[in-house]
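What follows is the residue order along each chain.
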Amino acid sequence: MHVEGTSAVGTSPTAPAAERMPALAAAAVTRALGLLRGPGSGTGRALLGLAGPPAAGKSTLARLLIDEVNRREGPDTAAYLPLDGFHLSNAQLDRLGLRSRKGAPETFDAFGYLALVQRVATDRFHDIYVPDFDRTLDEPVAARHLIRPCTRLVITEGNYLASPATPWTNARALLRELWYVDADHTTRDARLLARHTAGGQDHRIARRRIDSNDQPNAAQVEATRTACDWVVRPEAFAPAHRSA
């Protein structure tokens, strides 16, 4: 496992966008682009996974990488596949008595996620529609993202991609690389509190949700850090993007 630093490169305001990036962001983009050209790049579509605890910045990093790869390589070269699209609906969570554990491994359709990752890895002839999670609705939504036949890099992100349990290990086997997205506890806690209260929850209820559910989920994820290929801290370089 390789851990990157977070120092920034000094550049002029007129430098190209890539040169104005902090060093860690540039390194992440370079490594992602390398998946299109390195060993195994001729064997089909590359899948890059981003694991990490809640509010570490996984979607922040995914969006930055997708935007930058598409800027350099052309539209639809890279696409997005978030695990959050496979949250069970609130109706199913209520049926199972799991609403209070939302975000725990058992509250995802993990086998549905695996089936889509398998299709993405093998189907290069059809448009593939990808679900997402709507924080305003607090529900998964169908077909928000699109993977085109020309897409060469798919970035998938979620808490449990490095989990040693089935079926997460089956999905992991299809990834070219798996990175761990990290952030300190104080940063993640503040983001979670802002996220939950922005959704309408009372501050005290949001605090209880973090302590009783989000933190135990994060502890499970943190235990999988050493199973990842690389560690990044996206808060160092992408303040304009929303974290997840």
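Right above here is the structure, for reference.
A short tour of the structure in this document, coming up. (Residues numbered from 1 in each chain as written. Predicted model: local features only at pLDDT ≥ 70, side-chain atom pairs only at ≥ 80, totals over all residues. Heavy atoms only, no water.)

1. Observations concerning the overall build of the chain
Move 1: Of regular secondary structure, the chain possesses 8 helices and 8 strands.
Move 2: Of all 244 residues assigned to the chain, the portion counted as buried reaches 48%.
Move 3: Carbon and sulfur atoms provide 54% of the accessible area of the chain, an area that totals close to 11000 Å². (Helix = DSSP H or I, 4+ residues; strand = E, 2+ residues; numbered from the N terminus. Buried < 20%, exposed > 50% of the residue type's maximum accessible area, 1.4 Å probe, protein only. Areas by Shrake-Rupley, 256 points an atom, 1.4 Å probe, with all protein chains shown as cover.)

2. Overview of the pairing of strand β3 (residues 78–82)
Move 1: β3 sits mainly inside the fold: 5 of its 5 residues count as buried.
Move 2: Burial along β3 is two-sided: A78, Y80 and P82 facing one way and A79 and L81 facing the other are all buried.
Move 3: As judged from the 5 bridges shared by β3 and strand β6 (residues 153–157), these two strands associate in the parallel manner. Across the sheet, residue Y80 finds its bridge partner in β6, namely I155. (Pairing = 2+ DSSP bridges.)

3. Points about helix α3 (residues 58–73)
Given 3.6 residues to a turn, an α-helix orients residues that are three or four positions apart in the same direction.
Move 1: Compared with an ideal rise of 1.5 Å per residue, which puts 16 residues at 22 Å, α3 spans 22 Å between its outermost C-alpha atoms and is within 8% of the ideal.
Move 2: Three or more residues of α3 are buried, namely K58, S59, T60, L61, A62, L64, L65, I66, E68, V69 and N70. (Expected span 1.5 Å × (residues − 1).)

4. Re the layout of surface pockets
Move 1: In this structure, the largest pocket occupies an estimated 500 Å³ of space.
Move 2: Taken together, 24 residues form the lining of the largest pocket, with F133, R135, R195, H196 and R209 sitting closest to its centre.
Move 3: Going through the elements one at a time, α7 (185–198) and α8 (203–222) are the ones with two or more residues in the lining of the largest pocket.
Move 4: A class-by-class count of the residues in the lining of the largest pocket yields 7 nonpolar, 8 polar and 9 charged.
Move 5: One number sums up the size of the second largest pocket: a volume of about 220 Å³. (1 Å grid on protein atoms, 1.4 Å probe; cavity = no way out; pocket = protein on both sides within 12 Å on 5 of 7 lines; lining within 4 Å. Points joined across faces, edges and corners; volume = space filled by probe spheres on them. Nonpolar A, V, L, I, M, F, W, Y, C, P; charged D, E, K, R; others polar.)

5. A short note on the packing of aromatic side chains
Centre-to-centre distance and the angle between the planes together describe a pair of aromatic rings.
Move 1: Counted according to the given criterion, the structure contains 5 aromatic pairs.
Move 2: For the pair F108 and Y160, a centre-to-centre distance of 6.0 Å together with 70° between the ring planes defines the contact as edge-to-face. Of the two residues, F108 sits in the loop between α4 (90–96) and α5 (110–122) while Y160 sits in the loop between β6 and α6 (168–172), which places them 52 residues apart along the sequence. The pair F108 / Y160 is uniform in exposure class, with both members buried.
Move 3: Aromatic pair Y113 and W168: ring centres 6.2 Å apart, planes at 45°, arrangement tilted. Taken together, the residues span a long stretch of sequence, with Y113 in helix α5 and W168 in helix α6 at a distance of 55 residues.
Move 4: A relative accessible area of 1% means that Y113 is categorised as buried. (Phe/Tyr/Trp six-rings, centres within 6.5 Å; stacked < 30°, edge-to-face > 60°.)

6. Brief notes about the pattern of salt bridges
Move 1: Summed over the entire model, instances satisfying the criterion amount to 20 salt bridges.
Move 2: Where D138 meets K102, a salt bridge forms, and the shortest distance between an N and an O atom there is 3.1 Å. On the criterion of sequence distance, the pair formed by D138 in the loop between β4 (128–134) and β5 (139–147) and K102 in the loop between α4 and α5 is long-range, its members being 36 residues apart.
Move 3: When its relative accessible area of 7% is taken as the criterion, K102 is described as buried.
Move 4: Between R188 and E222 there is a salt bridge, and its shortest N-O distance comes to 2.7 Å. (Salt bridge = Lys/Arg side-chain N within 4 Å of Asp/Glu carboxyl O.)

7. Focus on the packing of α7 against α8
Move 1: α8 packs onto α7 with a crossing angle of 135° between their chain directions and a minimal axis gap of 10 Å. Between α7 and α8, the angle falls in the class oblique. Like other packed secondary-structure pairs, α7 and α8 cross with a definite hand, here right-handed. Here H185, R188, D189, L192, L193, H196 and T197 of α7 come into contact with α8, specifically with H203, A206, R207, R209, I210, D214, Q215, A218 and E222. (Axes fitted to C-alpha atoms, helices over the stretch in contact; angles between N-to-C directions. Parallel < 35°, antiparallel > 145°, perpendicular 65-115°, else oblique. Left-handed = near helix turned anticlockwise from the far one by under 90°. Contact = heavy atoms within 4.5 Å.)

8. Observations concerning empty space enclosed by the protein
Move 1: Under the defined criterion, the tally for this structure stands at 1 cavity of 30 Å³ or more.
Move 2: Put simply, the largest cavity is a space of about 40 Å³.
Move 3: Elements that contribute at least two residues to the lining of the largest cavity include exactly α7 and α8.
Move 4: Taken together, the residues of the lining of the largest cavity sort by class into 3 nonpolar, 2 polar and 3 charged.

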